Structures are given as structure tokens and as C-alpha cells.
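Structure at a glance
Now for the letters of each chain:
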Amino acid sequence: MTRKSRRLWLVVACMIGLGSAAALTLNAFSSNIVFFMAPSQVHAKPPPADRTIRLGGMVVAGSVHREKVKDSPVNLFDVTDGQAAVTVRYEGILPDLFREGQSVVAVGTVNPDGTFRASEVLAKHDETYMPKEVAEELRRSGKWDPRFGKAPDAASWNTMTAADTPKKPATQTPDGN
Amino acid sequence: MNATQSLTARTGNLFHRYANPGRFLRMGAKLQPWLTWPALVLSIAGIVWGLFFSPADWQQGDSVRIMYVHVPTAWLASSGYMGLAVCSLLSLVWRHPLADLAAVEIGPVGASITAVCLATGSLWGKPMWGTWWVWDARLTSVLVLFFLYLGHIALIRAFDEPQRGYRAAAILGLAGAVDLPIIKFSVQWWNTLHQPDSITVTGAPTMSTSMLWPLGLTTLGFTLGFGAIVLARLRASVMESRIRTILAANRGRQSANPAPKPDSAAV
Amino acid sequence: MTHLPYILAAYGLTLGVATVLSVNAAIRLRTARKRLAAIEQPRTRQPS
């Protein structure tokens, strides 16, 4: 074995050792790396009232109520992960992306009655990027309602984008009226 | 064992052909315009397309245009470090002199790009998520990558004897490569505020083609630009080391010569 | 355009960093090339 190949195998061995050490460490701490808890996890094991947690999930369609208490807006909405729902109460201005059907992460504490008091609400957008006109077209044709779940496969509406681009003014006129 | 021996020897020979500084400078000068000009044209085209001609996103509005600079810098932050790790391997195993110089030059460029990636991500996160920064797995692992770059920059310049700096920095460069898969898969392994990748090797992209085109242009343009800047710095670095060698040789001749000529003393 | 300040800041920062890196690399390359040319010429004339 030459010195070069000895060095190569030494480096390979070190990388394997380091890689498995990192993998084991991350695996052991994975519950701490997780950014938020799901509503079903909160239901199953409610955290103590003084512990700040992050609650993540989708805003249930039709559950958003806005009130005004002493000039500050109070928002009430349900967050679900499909199995359980938690009612969130948040005083303050919601981010631009907040809407029904949107994924959100709320930071706060769980009240004894099971509701969630949020001190901060972050909007989480998904990995789907599509032009406004396409989203409106999908909604109008009934192929997709953003309040209930993810957008359809991009392949199904990409051809639509290409076909729609030349007659963009035509599709916009009914909107303007 | 015989096979590995010949493999390392053969690959070593292949790499060392480009270790000849004269040959590298000739090839680098030829390659430079092929990187610089396409990089400029593609980047400008992609930026103009992304800023003025691509559609606004249905939920993010115009802020989606930040993607056309954020995603290429994120990709380059990781691939730049991949390049650094390859240089580290060449340095540790084959003691390749050019790989050491390349590692010195990739570090600052990669660190700047990673800083831009973090800053543009922050500028995108504030209006969309509602926060400049969160400690989720994706953002934290990229911040770790930034610190790895800074550590590499400091370490490779920390020793009076450059060879020791090269060895130490190469070990850091290889060890830090563990962070790359963590960055890549962080959005799949753990739930994060950062969304999963829109463009994957296996699946169809979840992005409109009208946005995919400018993104592809800026990604290709920035990547070529990264290559052009690193190549220019590396060429300068090889020339600088040649200058140092010549000056040292001249000084050596001077001290060996009892009566130096006045014109060579001026050099 | 919505969110214009954020978009301008992101593009401005990217272009600024790109410009600094490119100009710095170009100047360094030019200086090194000139110095090397200046040093190498008298040396080739010297009998070794």
C-alpha cells in the first residue's frame, strides 16, 4: 500500500466515523430539532401551562373569527393536522400570508382548558409556486380550493399557463367587470 | 490492494498534470472568457426576466421575486463548500499544491455567497413568514455552514508555515462536509418553517414554468460567475506565488554573490 | 409591486456583493499579471 492510498483510506474511515457520529447525535436529539408540535401531539401529551411551545398545522376553513378588544385585534382560529384541532387565540396583526387553509406556526402556551394562547403567529408557505391568474383559473373552474388542501400537480396546470399567456387580457377583463 | 494502488497512482498522475503552474495559467487564461461572459449574460437576463417579466405568485405576490437571487446563492453556498471539500481531499491524500491554493480562494467567495443567501432569505422571511429569523433546522444548518466557511478562512491563514495551515484547514473542510446532507435533507427529516424543495431530482417541480425559466437562468449564471471569480482569484494566486519564488531566487543570488550588481539590487 | 423595499434590498445586496467580488478579483489578477511580466522579463535576459 502506498502512502497515498493509506491516506485515502484513513480519510474515508474518518469520514465514515464522523458521519455516523453526526447521524446518531441528530437522531438522538431529533425531538429538539423539530420546529413545532402538531395538534394531535398536544392533545395526546399536553405540555405544562408555563412551557412555551410552537404549534404547527393548517388553519381550519371557516374557523377564523376576528374581534376587537380595546383597539387591539383578537384573532381566534382552529389549527389542525387532520387528526385533532386546537383553538388558537392571538392578539395582534397576523402576517400577510395568513388565510384559511394556510399552514401556520403559533408560538405560545397551552391553557388548562386546552386552548392555545399565541404570542406570535408565523405563516408557513408550501413549495408550490404559481401565477395569480392560474390560481384564480383553478379556483373558478372548481379544480382546487386553496382553503382545503394542497394545489394540484404542477404538470396539470403548467400547460394551462402556456395556453393562457397569449390571451391574458381576455381572462382579465371578466375579472375587472 | 493492487487495484487501489494503481487507482490512486493513476488519479494522482491525472491531477498532477494540472499542478504545473505554467500549464494551469495557460489553460486558465483560455477558460476565463468562457466563464465570465456567459455568466454576465445569463445573470443579467435572468434578473431582468425575474424582476419584470415573470408573474407574481398567487399567495406571495411580488416578494416571490426574491427567490431568483435567494435560491441560486443557496445552491452555490452548498456547492461551493462541496468544491472546498474536494480540494481538501486532494490536499490531504494527493498533497496537490493547486488544490491548496484553490481552497484558499474558494473560502472567502463561498462565505460571501452564504452571507447573501442568509440575508436574502431573511428579507424574504420577514414579509412572508412574519419573522426575520427562526431557529429551524434548515436556517440553523446554513448558519453553521457560514461559520464553517469563516473557520476555514481563519485556519488556512493562521500558520506562519503555509503547509500546516493547508493541512489543518483541509481537515476542517472535510469534516464540515457532514453539514451538506443535513442542509439538503433538513426540510424532509424534521418539520421546519422553511418549505420543502420545489425542484427535486426524482419528482416534477411544483413550480410554474414561467418562474422556473428565470430561476434556471440566474442559477446557471451565478454558478458560472462563481467559477469565473474563483478561477480569476486562483490565477492571480498562482502568479503571486511565482512572483514570490522569483524574488526569493533573486535575493538568494544576491546574498550568494559578494558584490551584487546595482541593477539587480533595484529589482 | 408589493413588498418593494424587501425586493430592492435583496437584489441590491446580491448585486453589490457580486460586484465587489468580481472587481476585486479582476484588479488582483491584473496587478499580479503586470508584476509577473515586469519581473520575468529581466530574468529571461540574464544568463543563468
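Sequence order as written defines the numbering, with residues in each chain counted from 1. As they are written, the chains are lettered A onward and the ligands numbered 1 onward, keeping that order. Whole-chain, interface and lining totals are the exception, using all residues; otherwise, since this is a predicted model, local features are given only for residues with pLDDT of at least 70 and side-chain atom pairs are given and counted only at 80 or more. With hydrogens and water set aside, each side-chain value is computed from the structure's full complement of heavy atoms.

Operational definition: UniProt positions are given in the numbering used here, feature names are shortened, and annotations may be inferred rather than shown by experiment.
Per an unreviewed UniProt entry, the recorded name for chain B is Heme exporter protein C, and the organism is Komagataeibacter diospyri. Under the heading Function (unreviewed entry), UniProt records this for chain B: "Required for the export of heme to the periplasm for the biogenesis of c-type cytochromes." Of chain B, the UniProt comment under Sequence similarities (unreviewed entry) reads exactly: "Belongs to the CcmC/CycZ/HelC family."

Some points on the side chain of His194 of chain B
In plain terms, the rule: Where helices and strands are cited, they refer to DSSP runs of H or I of at least four residues and of E of at least two residues respectively, numbered from the N terminus. Working definition: with a 1.4 Å probe on protein chains only, accessible area under 20% of the residue-type maximum means buried, over 50% means exposed, and in between means partly exposed.
Along the polypeptide, His194 of chain B turns up in the loop between helix H7 (179–189) and helix H8 (209–256). The class of His194 of chain B is buried, set by a relative accessible area of 14%.

Description of the UniProt feature "transmembrane region" (unreviewed entry) in chain B
Residues and elements named next belong to chain B. According to UniProt, the positions carrying the feature "transmembrane region" (unreviewed entry) are residues 34–54, 74–94, 106–125, 137–156, 168–191 and 211–234. Annotated as 100% helix and 0% strand, the span residues 74–94 places its first and last C-alpha atoms 30 Å apart. This span, residues 211–234, is 100% helix and 0% strand, and a straight line between its end C-alpha atoms measures 35 Å.

A short note on the pairing of strand E3 (residues 72–80) of chain A
Residue and element names in this part refer to chain A. The test is simple: When DSSP finds two or more bridges between a pair of strands, those strands are recorded as paired.
Taken together, the two bridges between strand E1 (residues 53–59) and E3 define a ladder with antiparallel strand orientation. Bridging across to E3, Val59 finds its partner in Val79. The pairing of strand E2 (residues 65–69) with E3 spans five bridges and is antiparallel. Counted as the bridge partner of Glu67 is Val74 from E3. In sequence, E2 turns back onto E3 through a hairpin of two residues, with Lys70 there showing a positive phi of about 50 degrees. For E3 and strand E4 (residues 85–91), the ladder comprises seven bridges, and the chain directions are antiparallel. Paired with Phe77 across the bridge in E4 is Val88. Linking E3 to E4, which pair antiparallel, is a turn of four residues; within it Gly82 sits at a positive phi near 95 degrees.

A short note on the interface of chain A and chain B
Note the cut-off: By definition in these notes, contact holds between two residues if any of their heavy atoms fall within 4.5 Å. Once two parts are put together, the accessible area they lose, assessed with a 1.4 Å probe and summed over both, is termed the buried area. Here, a salt bridge means any side-chain nitrogen of Lys or Arg that lies within 4 Å of a carboxyl oxygen of Asp or Glu. What qualifies as a polar contact is a pair of N or O atoms within 3.5 Å, subject to a donor-acceptor requirement within protein and to the restriction that residues adjacent in sequence count only when both atoms come from side chains. In this classification, the charged set is Asp, Glu, Lys and Arg, the nonpolar set is Ala, Val, Leu, Ile, Met, Phe, Trp, Tyr, Cys and Pro, and all remaining amino acids, among them Gly, are polar.
Facing the 45 residues of chain A at the interface are 48 residues of chain B. Regarding the contact of chain A and chain B, the summed buried area is about 4,100 Å², with carbon and sulfur atoms giving 65% of it. Broken down residue by residue, the surface that chain A buries against chain B is led by His125, Glu127 and Tyr129 of chain A, which jointly contribute 18%. Scanning the region where chain A abuts chain B turns up zero salt bridges. In this structure, the connection of chain A to chain B is made through 17 residue pairs in polar contact (both at pLDDT 80 or more). Elements with a minimum of two residues in the side of chain A that touches chain B: helix H1 (3–28), helix H2 (30–33), strand E6 (116–124), helix H4 (132–140) and helix H5 (154–164) of chain A. The element best represented in the side of chain A that touches chain B is H1 of chain A, accounting for 11 residues. In terms of residue class, the side of chain A that touches chain B is made up of 26 nonpolar, nine polar and 10 charged.

Some words on the nonpolar core
Going by this rule: To qualify as a nonpolar core, a set must consist of buried Ala, Val, Leu, Ile, Met, Phe, Trp, Tyr and Cys residues joined through side-chain atoms within 4.5 Å.
Judged by nonpolar contacts, the single largest core of 88 residues is most densely connected at Met67 and Tyr81 of chain B. In this structure, Phe77, Val86, Ala106 and Ala118 of chain A belong to the second largest nonpolar core, which totals 18 residues.

Here we look at the pattern of salt bridges
Scanning the model with the defined rule gives eight salt bridges over all chains in all. Among the salt bridges present, the one from Glu105 of chain B reaches Arg28 of chain C, with a minimum N-O distance of 3.0 Å. Residue Glu105 of chain B is located in helix H4 (residues 97–128), and its partner Arg28 of chain C is located in helix H1 (residues 4–45); the two belong to separate chains. Asp197 of chain B is the salt-bridge partner of Arg138 of chain B, the closest N and O atoms lying 3.4 Å from each other. Note that Arg138 of chain B is positioned in helix H5 (residues 137–156) and Asp197 of chain B in the loop between H7 and H8, a separation of 59 residues in sequence. Overall, Asp197 of chain B belongs to the partly exposed group, its relative accessible area being 22%.

Some remarks on the packing of H4 of chain B against H8 of chain B
Residues and elements named next belong to chain B. The criterion, for reference: Axis definition: a line fitted to C-alpha atoms, over the contacting stretch in the case of helices. Angles run 0 to 180 degrees between N-to-C directions. Oblique is the label for every angle not falling under 35 degrees (roughly parallel), over 145 degrees (roughly antiparallel), or within 65 to 115 degrees (roughly perpendicular). Crossing handedness: left-handed means the near helix sits turned counterclockwise from the far one by under a right angle, and right-handed means the same turn made clockwise.
With their axes 9 Å apart at the nearest point, H4 and H8 run at an angle of 135 degrees to one another. Between H4 and H8, the angle is such that the two are oblique. Note on packing geometry: the crossing formed by H4 with H8 is right-handed. On H8, the residues that touch Leu98, Leu101, Ala102, Glu105, Ile106, Pro108, Val109, Gly110 and Ile113 of H4 are Phe226, Ile229, Val230, Arg233, Leu234, Ser237 and Val238.

Quick look at the pairing of strand E5 (residues 103–110) of chain A
Residues and elements named next belong to chain A. Taken across its eight residues, E5 has six buried, putting it largely inside the fold. By the bridge criterion, six bridges tie E1 to E5 in an arrangement that is antiparallel. Bridge pairing links Gly56 to Val105 in E5. As paired strands, E5 and E6 are joined by eight bridges and run antiparallel to one another. Residue pairing in the sheet places Thr109 in a bridge with Arg117 of E6. Hairpin connection from E5 to E6: five residues lie between these consecutive antiparallel strands, with Gly114 at a positive phi of about 95 degrees.

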